[in-house]
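Close look at the chain arrangement
Listed below are the residues making up each chain.
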Amino acid sequence: MMTSSADADHGAHPILTASHITKKFGELVAVNDLSFTVERGQIFGIAGPNGAGKSTVYNLITGFYPFEGRIDFDGRDITGLQPHRICQLGIARTFQIPQTFPSLTVEKSLSVGNRFGAPGRFDPAYVDEIIRFLDMQAIRRQPTGQLNLLGKKKLMMGAALATRPKILMLDEPMAGSNTSEIKDLMAFIRRINEDMGVTIIIIEHFMKVLTELTETLLIIETGSEICCGDPVTVTSDPRVIESYLGDAYADGN
Ligand code: ADP
Ligand code: MG
């Protein structure tokens, strides 16, 4: 069978498919028979109330816990693989609370990420590229503990990028940020997607951020899908307004 390269560049091409994934913690069903597909190159959003199971979905994708169901990434079944293997295949994530090594310099922190992504193939030129991408040339030898919150967040994303991911998964990257920091982070996330060609999954509480950034939005509640589709359709879905947006808008988000 012949496939032209033009075909390969057009239309939808899944990079990640979760099929009927379920995670129970004892009696609690944190993720309940959830299925979704992330297309290559897109920004895919996940939202839902606190405790909906969003971060647990990330923990399943990155291999932190065993689970029921199956996850395919970039043409292979990654179900049950160890976290470092999944990272090396090209999935990186950040955490809700910025985690940096405070005594390590910016450059060393990014080098740790690069070594983790490809053991034995440390690439200082790529680390330099990330430092330029972060616009941190002037502070490359500063300990990361001296960075402000925005700097720590960008560094954490930079360390994830240093592993050379195909997908970067962000967990509430805007948390604790003010309006101008949110603008800055949104532009930064777009650059990661467009300039570095990295597919992005973003969990976010701020619905405006999701409607502006994402092409597909998945809303979950108590581990199950409420709705999934383009953000305009999803945010006008009565079930979403009732279960989630009502509260979020009431909070002033
Ligand atoms: P979200 O990120 O949407 O706020 P989480 O995925 O963190 O929600 O949590 C979903 C549910 O699973 C919550 O009820 C939470 O308390 C529970 N949970 C998450 N991780 C664990 C764990 N390691 N052990 C037990 N319960 C957990
Ligand atoms: Mg969470």
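Keep in mind it's a predicted model, so treat the numbers as computed, not measured.

Considering the overall build of the chain
Helix and strand counts for the chain come out as 10 helices and 10 strands. Here the chain has a C-alpha radius of gyration of 18 Å; the compact-globule value for 253 residues is 18 Å, and the two agree. Taken along its principal axes, the extent of the C-alpha atoms in the chain is 55 × 50 × 45 Å. Taking all 253 residues of the chain together, the buried fraction comes to 47%. Taking all contacts inside the chain whose residues are at least 6 apart in sequence as the whole, residues at least 24 apart take part in 65%. As displayed, the chain has an accessible area near 12300 Å², and 52% of this comes from carbon and sulfur atoms.

A look at helix H2 (residues 54-61)
Where burial is concerned, most of H2 is hidden: 7 out of the 8 residues are buried. Of the positions making up H2, those classed as buried are Lys54, Thr56, Val57, Tyr58, Asn59, Leu60 and Ile61. Note on H2: the residue one or two positions beyond its end, glycine 63, has a positive phi of about 80°.

A word on the side chain of threonine 216
Among the structural elements, threonine 216 can be located in strand E9 (residues 216-221). Engagement of the side chain of threonine 216 in a polar contact is seen with the side chain of glutamine 42, the distance being 2.9 Å.

Side note on the pairing of strand E1 (residues 14-25)
Sheet analysis places E1 next to strand E2 (residues 28-39), joined by 8 bridges and oriented antiparallel. For proline 14, the partnering residue across the bridge sits in E2 and is glutamate 39. Taken together, the 5 bridges between E1 and strand E4 (residues 68-73) define a ladder with antiparallel strand orientation. By the bridge assignment, threonine 17 is partnered in E4 with aspartate 72.

Topic: the sheet that holds strand E3 (residues 43-47)
In space, the 6 strands of this open sheet follow the order E6-E7-E8-E3-E9-E10, with mixed pairing throughout. Bordering the open sheet on either side are strand E6 (91-93) and strand E10 (224-229), each of which pairs with just one other strand. When strand polarity is set aside, the average angle formed by the axes of neighbouring strands in this sheet is 15°. The sheet contact formed by E3 and strand E8 (residues 199-203) spans 4 bridges and is parallel. Bridge assignment links isoleucine 46 to a residue of E8, and that residue is isoleucine 203.

A few points about the sheet that holds E1
In space, the 4 strands of this open sheet follow the order E2-E1-E4-E5, with antiparallel pairing throughout. Two strands lie at the open edges of the sheet, namely E2 and strand E5 (76-77), each paired on one side alone. Those strands touched by H2 are E1, E2 and E4, and its axis lies near 70° from that of E2.

Considerations on the site of ligand 1
Taken together, Phe25, Leu28, Ala30, Pro49, Asn50, Gly51, Ala52, Gly53, Lys54, Ser55, Thr56 and Tyr65 are the residues near ligand 1. A distance of 2.6 Å is found between an oxygen atom of ligand 1 and a side-chain nitrogen or oxygen belonging to threonine 56. Counting residues per element, the ones that place at least two in the shell around ligand 1 are E2 and H2. The dominant element in the shell around ligand 1, judged by the number of residues it contributes, is H2, at 3 residues. Among the residues making up the shell around ligand 1, the classes are represented as 6 nonpolar, 5 polar and 1 charged.

Details of the nonpolar core
Counting 40 residues, the largest nonpolar core has Leu110, Leu168, Ile189, Ile192, Ile200, Ile202 and Ile219 as the members making the most contacts within it. Here isoleucine 192 is in contact with Phe133, Met157, Leu161, Leu168, Gly197, Val198 and Ile200, once residues within four sequence places are set aside. With 28 residues, the next largest nonpolar core counts Val31, Ala52, Ile91 and Met169 among its residues.

Considerations on the pattern of salt bridges
Tallied over the entire structure, the rule returns 12 salt bridges. Notably, a salt bridge pairs lysine 24 with glutamate 68, separated by 3.5 Å at the nearest N-O pair. Of the two residues, lysine 24 is situated in strand E1 and glutamate 68 in strand E4; the sequence distance between them amounts to 44 residues. Overall, the relative accessible area of 44% leaves glutamate 68 in the partly exposed class. Across the salt bridge formed by aspartate 74 and lysine 166, the nearest N and O atoms sit 2.7 Å from each other. In this pair, aspartate 74 sits in the loop between E4 and E5 while lysine 166 sits in the loop between helix H6 (149-161) and strand E7 (167-171), placing the two residues 92 residues apart along the sequence. Residue classification places aspartate 74 among the partly exposed residues on the basis of a relative accessible area of 28%. In the salt-bridge network here, residues are joined through shared partners; they are Glu107, Asp128, Arg140 and Arg141.

Scoring rules and cut-offs
- Residues numbered from 1 in each chain as written.
- Chains lettered and ligands numbered in written order.
- Predicted model: local features only at pLDDT ≥ 70, side-chain atom pairs only at ≥ 80, totals over all residues.
- Heavy atoms only, no water.
- Helix = DSSP H or I, 4+ residues; strand = E, 2+ residues; numbered from the N terminus.
- Rg over C-alpha atoms; globule rule 2.2 N^0.38 Å.
- Buried < 20%, exposed > 50% of the residue type's maximum accessible area, 1.4 Å probe, protein only.
- Contact = heavy atoms within 4.5 Å.
- Areas by Shrake-Rupley, 256 points an atom, 1.4 Å probe, with all protein chains shown as cover.
- Polar contact = N/O pair within 3.5 Å; in protein donor to acceptor, adjacent residues only side chain to side chain.
- Pairing = 2+ DSSP bridges.
- Axes fitted to C-alpha atoms, helices over the stretch in contact; angles between N-to-C directions.
- Near = heavy atom within 4 Å.
- Nonpolar A, V, L, I, M, F, W, Y, C, P; charged D, E, K, R; others polar.
- Core = buried A, V, L, I, M, F, W, Y, C linked by side-chain atoms within 4.5 Å.
- Salt bridge = Lys/Arg side-chain N within 4 Å of Asp/Glu carboxyl O.

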